[in-house]
Amino acid sequence: MNFLIGAFKPPCNIKITFVDERSRKKATIKKENGQTELVPLFQSQENIAGEISIEPIQGKKVEHIGVKVELLGQIELYFDRGNFYDFTSLVRELDVPGEIYDKKTYPFEFSTVEMPYESYSGVNVRLRYILKVTISRNYVSNIVEYQDFWVRNYTPLPPINNSIKMEVGIEDCLHIEFEYSKIKYHLKDVIIGKIYFLLVRIKIKNMELEIRRRESTGSGPNTYVETETLAKFELMDGAPVRGESIPIRLFLSPYELTPTYRNINNKFSVKYYLNLVLVDEEDRRYFKQQEITIFRLLET
């Protein structure tokens, strides 16, 4: 039995290292088995370089018809697990057909790589970047090794960032006006606003503001929507009176937000909403929702 297990083991070990691996910032990612792993952090237009070492197991040689490394940007939908949609695909040929008897090292470099989307790991989808090394072989299966890395992209402050002003009401019962100072927020921003009560004829018990994330994947009949409430912030406890105003000040930094993703490769979107919830004394709930844009601020 041990012989059979050994027969399926690859005849070599492959190791992928990045040039500046020790000094480069890392991101923590969760693997499929639930464990976490630290991987190098990059942003779009960076060079991705390093070396690949192939070391045959003692007493074995590796016959091959070529060695290559690929840099792939992939989207995987969990209802279609195992099928990867490549939006970035670059390749470098490392070796011509031959045999490897001893440890061999190949340098590689992908220059100013366009990585348009941030890495993302969600409820039903993940967007990932990997290096994939393939030792191609005749008659037997290829030997493949993967190395994940993480991408974050940064955005300067938007030149225009309009405020939001909305009214909500129930005819002859309730009329409120609320405003937020802007519609686009960076990940460490503060939501500042005010709520004005213009007409109050129902007994409101409390009011809260929620931050919601809506992840939608697929299209048509295969569309899946997952909504998470990431934060709840109590704005008021007790009945307001006409003419009263309630200030809003909500810090975003404590919450695990990502930038907004809009229809990435026609595969998925991630959007954020501010959801205002009013509850009356009979526990009826009234909602008003507003989409906002989240971005990762370029720090100067």
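Residues numbered from 1 in each chain as written. Predicted model: local features only at pLDDT ≥ 70, side-chain atom pairs only at ≥ 80, totals over all residues. Heavy atoms only, no water.

(A) Representation of the sheet that holds strand β9 (residues 104-110). With antiparallel pairing, three strands are arranged side by side in an open sheet as β1-β4-β9. With partners counted over all chains shown, the strands left at the sheet margins are β1 (12-18) and β9, one partner each. Along the sheet, successive strands turn relative to each other by an average axial angle of 20°, direction set aside. Here β1 pairs with strand β4 (residues 48-56) via seven bridges, running antiparallel. Bridge pairing in β4 links Cys12 to Pro56. (Pairing = 2+ DSSP bridges. Helix = DSSP H or I, 4+ residues; strand = E, 2+ residues; numbered from the N terminus. Axes fitted to C-alpha atoms, helices over the stretch in contact; angles between N-to-C directions.)

(B) Examining the packing of aromatic side chains more closely. All told, the structure shown has eleven aromatic pairs when counted by the stated rule. Arranged with centres 5.3 Å apart and planes meeting at 75°, the rings of Phe42 and Phe149 form a pair that is edge-to-face. Here Phe42, found in strand β3 (residues 36-42), pairs with Phe149, found in strand β12 (residues 143-151); they are 107 residues apart in sequence, far enough to count as distant. Note on accessibility: Phe42 and Phe149 belong to one class, buried. Each member of the aromatic cluster is reached from another via a ring pair, and the members are Phe18, Phe42, Phe87, Tyr117, Tyr129 and Phe149. (Phe/Tyr/Trp six-rings, centres within 6.5 Å; stacked < 30°, edge-to-face > 60°. Buried < 20%, exposed > 50% of the residue type's maximum accessible area, 1.4 Å probe, protein only.)

(C) Representation of the pattern of salt bridges in the model. Enumeration according to the criterion identifies 16 salt bridges in this entry. One connected set of salt bridges, linked through shared partners, spans Asp20, Arg24 and Glu46. (Salt bridge = Lys/Arg side-chain N within 4 Å of Asp/Glu carboxyl O.)

(D) Structural view of the layout of surface pockets. As a volume, the largest pocket reaches approximately 1600 Å³. Lining of the largest pocket is provided by 49 residues; of these, Thr28, Ser119, Trp150, Arg152 and Arg296 occupy positions nearest its centre. Residue assignment for the lining of the largest pocket shows that the elements contributing at least two residues are β2 (26-30), β3, β10 (120-121), β11 (125-135), β12 and β17 (204-217). Here the residues of the lining of the largest pocket sort into 20 nonpolar, nine polar and 20 charged. Lining the second largest pocket are 18 residues; nearest its centre among them are Thr155, Pro259, Thr260, Ile294 and Phe295. Among the elements of the structure, β20 (261-264) and β22 (285-295) are those that each provide at least two residues to the lining of the second largest pocket. Here the lining of the second largest pocket is built from residues that sort into ten nonpolar, four polar and four charged. (1 Å grid on protein atoms, 1.4 Å probe; cavity = no way out; pocket = protein on both sides within 12 Å on 5 of 7 lines; lining within 4 Å. Points joined across faces, edges and corners; volume = space filled by probe spheres on them. Nonpolar A, V, L, I, M, F, W, Y, C, P; charged D, E, K, R; others polar.)

(E) Layout of the nonpolar core. Of all hydrophobic cores here, the largest spans 66 residues; its most connected members are Phe149 and Ile195. Residues contacting Phe149, with those up to four places away along its chain left out, are Phe18, Val39, Pro40, Phe42, Ile48, Leu71, Met115, Ser119, Tyr129, Ile130 and Leu131. Judged by nonpolar contacts, the second largest core, of five residues, contains Ala27, Ile29, Val39 and Leu41. (Core = buried A, V, L, I, M, F, W, Y, C linked by side-chain atoms within 4.5 Å. Contact = heavy atoms within 4.5 Å.)

(F) Region of the structure containing the sheet that holds strand β14 (residues 174-180). If you trace the four strands from one edge of the open sheet to the other, you get β13-β14-β16-β19, paired in antiparallel fashion. Each having just a single partner strand, β13 (164-170) and β19 (245-251) make up the two edges of the open sheet. The mean angle between the axes of side-by-side strands here comes to 20°, regardless of whether they run parallel or antiparallel. In the sheet, strand β16 (residues 190-200) pairs with β19 via seven bridges, with the strands oriented antiparallel. Each bridged residue has a counterpart across the sheet, and for Tyr196 the counterpart in β19 is Ser245.

(G) Representation of the pairing of strand β18 (residues 224-237). Looking at chain direction, β17 and β18 are connected through twelve bridges and run antiparallel. Bridge pairing in β18 links Arg212 to Thr229. The turn linking β17 back onto β18 is made up of six residues, and Gly218 within it adopts a positive phi angle of 75°.

(H) Summary view of the pairing of β11. In terms of burial, β11 is a largely internal element, ten of the eleven residues being buried. The pairing of strand β6 (residues 67-77) with β11 spans eleven bridges and is classified as antiparallel. Looking at the pairing, Val69 lines up with Val133 of β11. Alignment of β11 against β12, held across seven bridges, turns out to be antiparallel. Considered in β12, the bridge of Val133 is made with Glu145.

(I) Seen up close, the environment of Ile143. Relative to the assigned elements, Ile143 resides in strand β12. Overall, Ile143 belongs to the buried group, its relative accessible area being 6%. The spacing of Ile143 and Asn13 is 130 residues in sequence and 9.6 Å in space, taken between C-alpha atoms. In contact with Ile143, not counting residues within four places along its chain, are Pro10, Pro11, Cys12, Ile14, Val62, Val133, Thr134, Ile135 and Arg137.

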